[in-house]
Amino acid sequence: MDERSEASGRHPVVLTGLGAATSAPADPGPYLRDGKHRKFMGEQDCLALVAAGEALREAGLLGRPLGERAGLFLAVGFVSFERDDMERLVAGSTEEGRFSMRRFSTAGFNAIHPLRTFRCLSNMPAFHISVNFDIRGPYFVTYPGIGQWYLALDEAVRSLDAGAIDVALVAGVAYQRNFLVERHFRRLVPPLRPEELVDAAGCIVLERDAARARGRLLALGIDYAPYHPFEEAPVPDERFTVAAPGEMGAASVAATLARSRGRIVEHSVACRDGIRASSRWEIA
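Criteria and cut-off values
Residues numbered from 1 in each chain as written. Predicted model: local features only at pLDDT ≥ 70, side-chain atom pairs only at ≥ 80, totals over all residues. Heavy atoms only, no water. Core = buried A, V, L, I, M, F, W, Y, C linked by side-chain atoms within 4.5 Å. Buried < 20%, exposed > 50% of the residue type's maximum accessible area, 1.4 Å probe, protein only. Helix = DSSP H or I, 4+ residues; strand = E, 2+ residues; numbered from the N terminus. Contact = heavy atoms within 4.5 Å. Pairing = 2+ DSSP bridges. Phe/Tyr/Trp six-rings, centres within 6.5 Å; stacked < 30°, edge-to-face > 60°. pLDDT = per-residue confidence, 0-100. Salt bridge = Lys/Arg side-chain N within 4 Å of Asp/Glu carboxyl O.

## Topic: the nonpolar core
- Formed by 40 residues in total, the largest nonpolar core has its most connected members in W149, Y150, L153, I204, L206 and W281.
- With 8 residues, helix α6 (residues 146–161) is the largest single contributor of residues to this core.
- Aside from chain neighbours lying at most four places away, what touches L153 is V170, I204, L206, L220 and W281.
- Listed in part, the 33 residues of the second largest apolar core include A52, L66, L74 and V173.

See the structure below:
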């Protein structure tokens, strides 16, 4: 496993802000520059914006122009969709008991709210965070689990180390208590019951200003174990040294850190996609 510590160098990477939202619906109102944008936002967008707003507030950066020296590094959970929308889409796309492309492109397509696609896209949380907090630096958006969040974290640390940015928002969001995502987890081996899933978002702000530190990343390790796609997949295993409220997907580490003040927090995970990762944090 490739293990690195940011303790090397004259100005180590530190945490200056942490934020979380661990239930839907979340109210993004206090963080919207233009309230009209609310109609474009799905639940994952609201969760992510609230978590980022909390983290920036704690870091003392809320309301300050961040611009090109701030970057966003984000992992977004599985694509969400509500059951009533899906049922309307299916009903409108069916003719004589079978799927009809003609019906889908007319009645089916028009049966759901025209803004639904905006609320489901995996890159929309990044858009809403960037436009409301004036983040115009590098972006890294990935999908869908905590292993991918570690890749986002690694990219953020490397960007800070290289001096490409001064501030990095590292966020994860997973809106999971909906028809499509719950169905996905029920089909896995082993399956996850819907009641084990938590809607959550978490965000940490990383900088190099040790004087403002509220925590530190003590160690980071990331590895990949390749496997045959038509054979048995890796068995997932996620462990914290502190209590976590449930399966939070891509949001699990950032959301748990935001709720674990005054602690040393260790996390390790083996993911279904072959990623293995670990980290150790000191939270003030």
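## A short note on the pairing of strand β7 (residues 167–174)
- Where burial is concerned, most of β7 is hidden: 8 out of the 8 residues are buried.
- By the alternation rule, side chains of β7 split into V167, L169, A171 and V173 and A168, V170, G172 and A174, which are all buried.
- In the sheet, strand β3 (residues 70–76) pairs with β7 via 7 bridges, with the strands oriented parallel. Looking at β7, one finds that G71 is bridged to A168.

## Quick notes on unusual backbone geometry
- Of the consecutive residues Y143 and P144, the connecting peptide bond is found in the cis state with omega at 0 degrees.
- Take P144: it is sitting in the loop between β6 (139–142) and α6.
- At the junction of V189 and P190, the peptide bond is cis and its omega measures out at -5 degrees in the coordinates.
- Within the element layout of this structure, P190 appears in the loop between α7 (179–187) and β8 (200–207).

## Focus on the packing of aromatic side chains
- Per the counting criterion, the structure on display carries 5 aromatic pairs.
- Measuring from centroid to centroid gives 6.0 Å for F78 and Y143, while their planes differ by 70 degrees, and the two rings are edge-to-face. One end of the pair, F78, is in the loop between β3 and α2 (83–92); the other, Y143, is in the loop between β6 and α6, with 65 residues separating them in the sequence.
- Note on F78: relative accessible area 25%, which makes it partly exposed.
- Relative to F185, the ring of F78 lies with its centre 5.5 Å away and its plane at 85 degrees, an arrangement referred to as edge-to-face. Highlighted residues: F78 in the loop between β3 and α2 and F185 in helix α7, separated in sequence by 107 residues.

## Overview of the confidence of the model for the protein
- Looking at the protein, the pLDDT average stands at 92 and 96% of residues meet or exceed 70.
- Below a pLDDT of 50 lies the segment residues 5–10, which in the model reaches 8 contacts outside its immediate sequence neighbourhood of four places, other chains included.

## Let's talk about the pattern of salt bridges
- Across all of its chains, the model carries 17 salt bridges by this definition.
- The salt bridge partner of R102 is E95, with a shortest N-O separation of 2.8 Å.
- The exposure class of E95 is partly exposed, given its relative accessible area of 36%.
- Salt-bridge contacts for D237 lead to R239; the nearest nitrogen and oxygen are separated by 3.1 Å.
- Taking the relative accessible area as the measure of exposure, D237 reaches 34% and is therefore partly exposed.
- Given the relative accessible area of 54%, R239 is considered exposed.
- The network of salt bridges with shared partners includes D84, D85 and R88.

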